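# Residue-level structural notes
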Amino acid sequence: MSEFSIINNAPQYPSSELLCADECASICVRDVGVSYHGRPVLGGVSMQLPERGVTALIGPSGCGKTSFLNCLNRLCDLIPGCAVNGQVQIGDVTVFDAQTDVVALRRRVGMIFQKPNPLPMSIRRNLELPLIEHGVRDRRHRHEIIEKSLIDVGLLEEVKDRLDASALSLSGGQQQQLCLARALALSPQVLLLDEPCSALDPLASRVVEELIDNLGQQYPIVMVTHNLAQARRVADDVAVFWN
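## Brief notes about the sheet that holds strand β9 (residues 237-240)
The parallel open sheet is built from five strands, whose spatial order is β6-β7-β8-β3-β9. Looking along the sheet, the strands with just one partner apiece sit at the ends: β6 (109-112) and β9. Pairwise comparison of adjacent strand axes, ignoring direction, gives a mean angle of 20° for this sheet. Of the strands in this sheet, β6 and β7 (190-194) are in contact with helix α6 (residues 172-184), which crosses β6 at around 170°.

Structure below.
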């Protein structure tokens, strides 16, 4: 079982209401444990993260880093046999409260995976579809959000003349930038990154690392990585998971 503790005096929050989309949120975790079909993989995890900055999670394979990340936006709910105990707070949201709107939670807590996962449709549609699903009906407003998101990830100049081309025609690094833009389009409070550069070449990794460094000044970012040099380059804090 993995044990990990940074700060054990995480404050209690009285409300399970979601914050407004344009606010950041601190992350407080208290005594969280995760098990699969009764087999524990994490136990006694407590930490507190500020409203901005990059925290890298490091440790050997299989020590529960991704399981912990999945707790923060309740992707663990989708894993058969997964059980979580303890408390997770994001801003004023009690993540595992029965009254918490999980769809709204995942809008506020964006996640980027190891392998870029653009939808098999146009670049524009990749960014437009989640906005439509979350109720942004005005086309002009969607265009403004899409443009800002592409600017924020440094991709607009490269794709502005081919927004209707397939997202799958982009390079691996550009696809990961697009996935970040898709998450940012929903005005998240938190970003979760699960080895975001593991499938990229060194040049693309450098671009994404610079992007993470910049975004960390605006959002709290929790990033799983096996690359210690990368953690040293981009993280403000490093949390070690160990067996």
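Alright, that's what it looks like, and here's the rest.
## Section: a nonpolar patch on the surface
Judged by side-chain polarity, Val238, Val240 and Trp242 come together as a nonpolar surface patch covering roughly 310 Å² of accessible area. Within the secondary structure, tryptophan 242 is located in the segment after β9. Judged by relative accessible area, tryptophan 242 falls into the exposed class, the value being 57%.

## Details of the layout of surface pockets
One number sums up the size of the largest pocket: a volume of about 480 Å³. Residue lining of the largest pocket: 21 residues in total, with Arg106, Gly110, Met111, Arg182 and Leu186 positioned closest to the centre. Going through the elements one at a time, α2 (102-108), β6, α3 (123-133) and α6 are the ones with two or more residues in the lining of the largest pocket. Looking at the lining of the largest pocket, its residues break down into twelve nonpolar, five polar and four charged.

## Details of the confidence of the model for the protein chain
Across the protein chain, the average pLDDT comes to 88, with 91% of residues at or above 70. Across residues 1-22, where pLDDT falls below 50, the model places 72 contacts with residues more than four positions away in sequence or in other chains.

## A few points about the packing of aromatic side chains
Applying the stated criterion to the full structure yields one aromatic pair. Here phenylalanine 68 and phenylalanine 241 contribute two aromatic rings whose centre-to-centre distance is 5.7 Å and whose plane-to-plane angle is 55°, an arrangement assigned as tilted. Note that phenylalanine 68 is positioned in helix α1 (residues 65-72) and phenylalanine 241 in the segment after β9, a separation of 173 residues in sequence. The residues phenylalanine 68 and phenylalanine 241 share a single accessibility class, namely buried.

## Remarks on the packing of helix α4 (residues 139-152) against α6
Running from amino to carboxyl end, α4 crosses α6 at an angle of 130°, the nearest separation of the two axes being 9 Å. Relative to α6, the element α4 is oriented oblique. The two elements α4 and α6 cross, and the hand of that crossing is right-handed. Only Leu178, Ala181 and Leu184 of α6 make contact with α4, whose side of the interface consists of Ser149, Leu150 and Asp152.

Parameters and conventions
- Residues numbered from 1 in each chain as written.
- Predicted model: local features only at pLDDT ≥ 70, side-chain atom pairs only at ≥ 80, totals over all residues.
- Heavy atoms only, no water.
- Pairing = 2+ DSSP bridges.
- Helix = DSSP H or I, 4+ residues; strand = E, 2+ residues; numbered from the N terminus.
- Axes fitted to C-alpha atoms, helices over the stretch in contact; angles between N-to-C directions.
- Contact = heavy atoms within 4.5 Å.
- Patch = residues over 30% accessible without salt bridge, like charges linked within 9 Å, V, L, I, M, F, W, Y side chains within 5 Å.
- Areas by Shrake-Rupley, 256 points an atom, 1.4 Å probe, with all protein chains shown as cover.
- Salt bridge = Lys/Arg side-chain N within 4 Å of Asp/Glu carboxyl O.
- Buried < 20%, exposed > 50% of the residue type's maximum accessible area, 1.4 Å probe, protein only.
- 1 Å grid on protein atoms, 1.4 Å probe; cavity = no way out; pocket = protein on both sides within 12 Å on 5 of 7 lines; lining within 4 Å.
- Points joined across faces, edges and corners; volume = space filled by probe spheres on them.
- Nonpolar A, V, L, I, M, F, W, Y, C, P; charged D, E, K, R; others polar.
- pLDDT = per-residue confidence, 0-100.
- Phe/Tyr/Trp six-rings, centres within 6.5 Å; stacked < 30°, edge-to-face > 60°.
- Parallel < 35°, antiparallel > 145°, perpendicular 65-115°, else oblique.
- Left-handed = near helix turned anticlockwise from the far one by under 90°.

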